[in-house]
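Given next are the chains, with one letter for each unit.
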Amino acid sequence: MTDLARLEDLPVDYRQALTDQNLVPLWPSLRGVLPPEKPRAQTAPAFWSYQAIKPLLLRAGELTPIEKAERRVLVLANPGHGLEKMQASPAIYLGMQLLLPGEWAPAHRHTPNAVRMIVEGEGAYTTVNGEKCPMSRGDLILTPTGQWHEHGHDGSEPVVWLDVLDLPLVYYTETSYHINGNRQATDAVRGDKIYKYGGVVPTRDFDRSTRSYPMIRYPWVEVKESLLVLGAEEPELTSVMVTYVNPETGADVENILGFYALMLRPGQTLKMPVRSPSCVYHVIEGATQVRVMQEEFELCEADTCCAPGYTQVTLVNLHTDKPTFIFMTDESPLHRKLGVYEVRSAN
Ligand code: 1HN
């Protein structure tokens, strides 16, 4: 491939004349914006240890009252993008949030879609459009775009969860904003029980639900059970994995990011397919090695890591006597909608 002319090859007066007219020559930057064969990723393989995060988060609890933080979060920032960008990947934001007993994080709604994966502690809840969603370890709670949400805590120990948002993309498209609201009246808990049985859905007044987000809490006990059953029923299956879906449509639960739970069998080594989306791995139970590019991360419970797209990722269950359960987030729904989703054969 021929090298293209550089900016310095142009006379200074010509470059200045272009700048004066808000013009830029394409050819010096063409290979940069359109690299050969494979994108150039800013997203670096990155790892965050919960053991390291937790004391810093608890200290934030002492240093900054909830009224002065609104959301007390330490952002898991990928150094490849620059920490100040507060992004794990092009479209994924990750943060560890702390709520102390008796605290309340006030109601708001915003354009970015969010989910929370509960990491530790009992007694806290998120209220989403009047629905009170109790938080337990491993539960997934959705707060999709435009939905009112607030967090409260009736328990006696600190509660920590992992927030996953598509904030970087929504911010980039200049569509990110929020609206504050009043404390929500809470209705009865619903959703997760009604959709518990996969093969049937409510048909109220002879009609199916048309809600965009019919189910907003996905209890870990049920997701774990579904992985155990799938693994037992299909002993030859190498990737024992489930996708969090809208139970009415079967579509991904949110528009931009995809959410999954994966069970590594005891001692299993799983080579993931090489695909276009970046992906985040977070251990719910067990321990795994994650090999990506030159890195080998060892994730134990509540640890998180991130891998850029178009790379080979290999997971190794570090337990030989029990399964490891991993929560995954990726950018597949976004890539599919954009028409850029790709799977390449493993190297
Ligand atoms: C947000 O609203 C929450 O509601 C958490 O708990 C993290 C990060 C960026 C923007 C909004 C929450 C957030 C956020």
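Our subject is the structure that appears above.
A short tour of the structure in this document, coming up.

What counts as what
Residues numbered from 1 in each chain as written. Predicted model: local features only at pLDDT ≥ 70, side-chain atom pairs only at ≥ 80, totals over all residues. Heavy atoms only, no water. Helix = DSSP H or I, 4+ residues; strand = E, 2+ residues; numbered from the N terminus. Contact = heavy atoms within 4.5 Å. Areas by Shrake-Rupley, 256 points an atom, 1.4 Å probe, with all protein chains shown as cover. Core = buried A, V, L, I, M, F, W, Y, C linked by side-chain atoms within 4.5 Å. Buried < 20%, exposed > 50% of the residue type's maximum accessible area, 1.4 Å probe, protein only. 1 Å grid on protein atoms, 1.4 Å probe; cavity = no way out; pocket = protein on both sides within 12 Å on 5 of 7 lines; lining within 4 Å. Points joined across faces, edges and corners; volume = space filled by probe spheres on them. Nonpolar A, V, L, I, M, F, W, Y, C, P; charged D, E, K, R; others polar. Near = heavy atom within 4 Å. Polar contact = N/O pair within 3.5 Å; in protein donor to acceptor, adjacent residues only side chain to side chain. Patch = residues over 30% accessible without salt bridge, like charges linked within 9 Å, V, L, I, M, F, W, Y side chains within 5 Å. Salt bridge = Lys/Arg side-chain N within 4 Å of Asp/Glu carboxyl O. Pairing = 2+ DSSP bridges. Axes fitted to C-alpha atoms, helices over the stretch in contact; angles between N-to-C directions. Phe/Tyr/Trp six-rings, centres within 6.5 Å; stacked < 30°, edge-to-face > 60°.

Quick look at the overall build of the protein
Now for step 1: The helix and strand inventory of the protein stands at 6 helices and 25 strands.
Now for step 2: Look at the contacts in the protein between residues 6 or more apart in sequence, and 73% of them connect residues 24 or more apart.
Now for step 3: Of the roughly 17800 Å² of accessible surface on the protein, 54% is carried by carbon and sulfur atoms.

Focus on the nonpolar core
Now for step 1: Within the largest apolar cluster, 56 residues are counted, with the highest numbers of intra-cluster contacts made by Leu 94, Met 96, Leu 140, Val 164, Tyr 244 and Phe 259.
Now for step 2: Among the elements that line this core, the one with the most residues is strand E10 (residues 159-165), at 5 residues.
Now for step 3: Beyond its immediate sequence surroundings of up to four residues, Val 164 is in contact with Ile 92, Tyr 93, Leu 94, Asn 113, Ala 114, Val 115, Leu 257, Phe 259, Phe 327 and Thr 329.
Now for step 4: Of all hydrophobic cores here, the second largest spans 18 residues; its members include Met 272, Cys 279, Tyr 281 and Val 313.

Overview of empty space enclosed by the protein
It is a probe the size of a water molecule, rolled over the atoms, that shows where empty space is left.
Now for step 1: In total, this model carries 2 cavities of 30 Å³ or more according to the counting rule given.
Now for step 2: Each pocket or cavity is described by its volume, and for the largest cavity that value is around 40 Å³.
Now for step 3: Looking at the largest cavity, the residues that line it are Met 117, Ile 118, Val 119, Arg 137, Gly 138, His 282, Val 283, Ile 284 and Ala 302.
Now for step 4: Looking at the lining of the largest cavity, the elements with two or more residues in it are strand E5 (114-120) and strand E19 (279-285).
Now for step 5: Partitioned by chemical class, the residues of the lining of the largest cavity number 6 nonpolar, 2 polar and 1 charged.

So, the site of the ligand
Now for step 1: Close contacts around the ligand come from Arg 71, Tyr 93, Gln 97, His 108, His 110, Arg 116, His 149, His 151, Asp 163, Leu 165 and Leu 167, and that covers them all.
Now for step 2: Between the ligand and the protein, one listed contact pairs an oxygen atom with a side-chain N or O atom of His 108 at 2.7 Å.
Now for step 3: In the model, an oxygen atom of the ligand is placed 2.6 Å from a nitrogen or oxygen of the His 151 side chain.
Now for step 4: Calculation on the ligand without its partners gives an accessible area of 330 Å², and the protein chains cover 85% of this total.
Now for step 5: For the shell around the ligand, the elements supplying multiple residues, two or more each, are strand E3 (93-99), strand E4 (104-110), strand E9 (149-153) and E10.

Considerations on a nonpolar patch on the surface
Now for step 1: Among the surface-exposed residues, Leu 4, Tyr 14, Leu 26, Trp 27, Val 33 and Leu 34 lie close enough to one another that they form a single nonpolar patch of about 590 Å² accessible area.
Now for step 2: Here Leu 34 shows up in the loop between helix H2 (30-33) and strand E1 (46-48).
Now for step 3: What makes Leu 34 exposed here is its relative accessible area of 60%.

Re the pairing of strand E8 (residues 140-143)
Now for step 1: Burial of the side chains of E8 extends over both faces: Leu 140 and Leu 142 are buried on one face and Ile 141 and Thr 143 on the other.
Now for step 2: Note: E5 against E8, 4 bridges, orientation antiparallel. Bridge assignment links Met 117 to a residue of E8, and that residue is Leu 140.

Side note on the pattern of salt bridges
Now for step 1: One pass over the structure, following the stated rule, counts 13 salt bridges.
Now for step 2: The shortest N-O distance in the salt bridge between Asp 9 and Arg 6 comes to 3.1 Å.
Now for step 3: Judged by relative accessible area, which is 45%, Asp 9 ranks as partly exposed.
Now for step 4: With a shortest N-O distance of 2.8 Å, Arg 208 and Glu 248 are connected by a salt bridge. With a gap of 40 residues between them, Arg 208 in strand E13 (residues 207-208) and Glu 248 in the loop between strand E15 (240-243) and strand E16 (258-264) connect regions that are remote in the sequence.
Now for step 5: Relative accessible area serves as the criterion here: at 11%, Glu 248 is assigned to the buried category.
Now for step 6: If you follow the salt bridges from partner to partner, you end up with Arg 6, Glu 8 and Asp 9 in one network.

A short note on the layout of surface pockets
Now for step 1: Empty space within the largest pocket amounts to approximately 1100 Å³.
Now for step 2: What lines the largest pocket is a set of 33 residues, among which Gln 42, His 81, Gln 87, Pro 90 and Ala 91 lie closest to the centre.
Now for step 3: Going through the elements one at a time, H2, helix H4 (167-172) and helix H6 (332-338) are the ones with two or more residues in the lining of the largest pocket.
Now for step 4: The element contributing the most residues to the lining of the largest pocket is H4, with 5 residues.
Now for step 5: Grouping the amino acids of the lining of the largest pocket by side-chain chemistry returns 19 nonpolar, 9 polar and 5 charged.

Comments concerning the sheet that holds strand E2 (residues 73-75)
Now for step 1: Pairing in this open sheet of 6 strands is antiparallel, and the strands run E2-E3-E10-E5-E8-E14 from one edge to the other. Both outer strands of the open sheet, E2 and strand E14 (217-218), are each paired with one neighbouring strand and no more.
Now for step 2: This element, helix H3 (residues 50-63), spans E2, E3, E5 and E10 of the sheet and lies at about 50° to E3.

Some thoughts on the packing of aromatic side chains
Now for step 1: Inspection of every chain in the model, using the stated rule, returns 5 aromatic pairs.
Now for step 2: On the numbers, 5.6 Å between centres and 20° between planes, the contact of Phe 47 with Phe 297 is stacked. Taken as a pair, Phe 47 in strand E1 and Phe 297 in strand E21 (residues 295-299) lie far apart in primary sequence, 250 residues in all.
Now for step 3: On the basis of relative accessible area, Phe 297 is assigned to the buried category, the value being 10%.
Now for step 4: Between the aromatic rings of Tyr 218 and Tyr 244, the centroid separation amounts to 5.5 Å while the plane-to-plane angle is 80°, which identifies the pairing as edge-to-face. Of this pair, Tyr 218 sits in strand E14 while Tyr 244 sits in the loop between E15 and E16, and the two are 26 residues apart along the sequence. The burial state of Tyr 218 is the same as that of Tyr 244; both residues are buried.
Now for step 5: The structure contains a cluster of three or more aromatic residues connected by ring pairs, namely Tyr 218, Tyr 244, Phe 259 and Phe 327.

That's the geometry; what it means functionally is another story.
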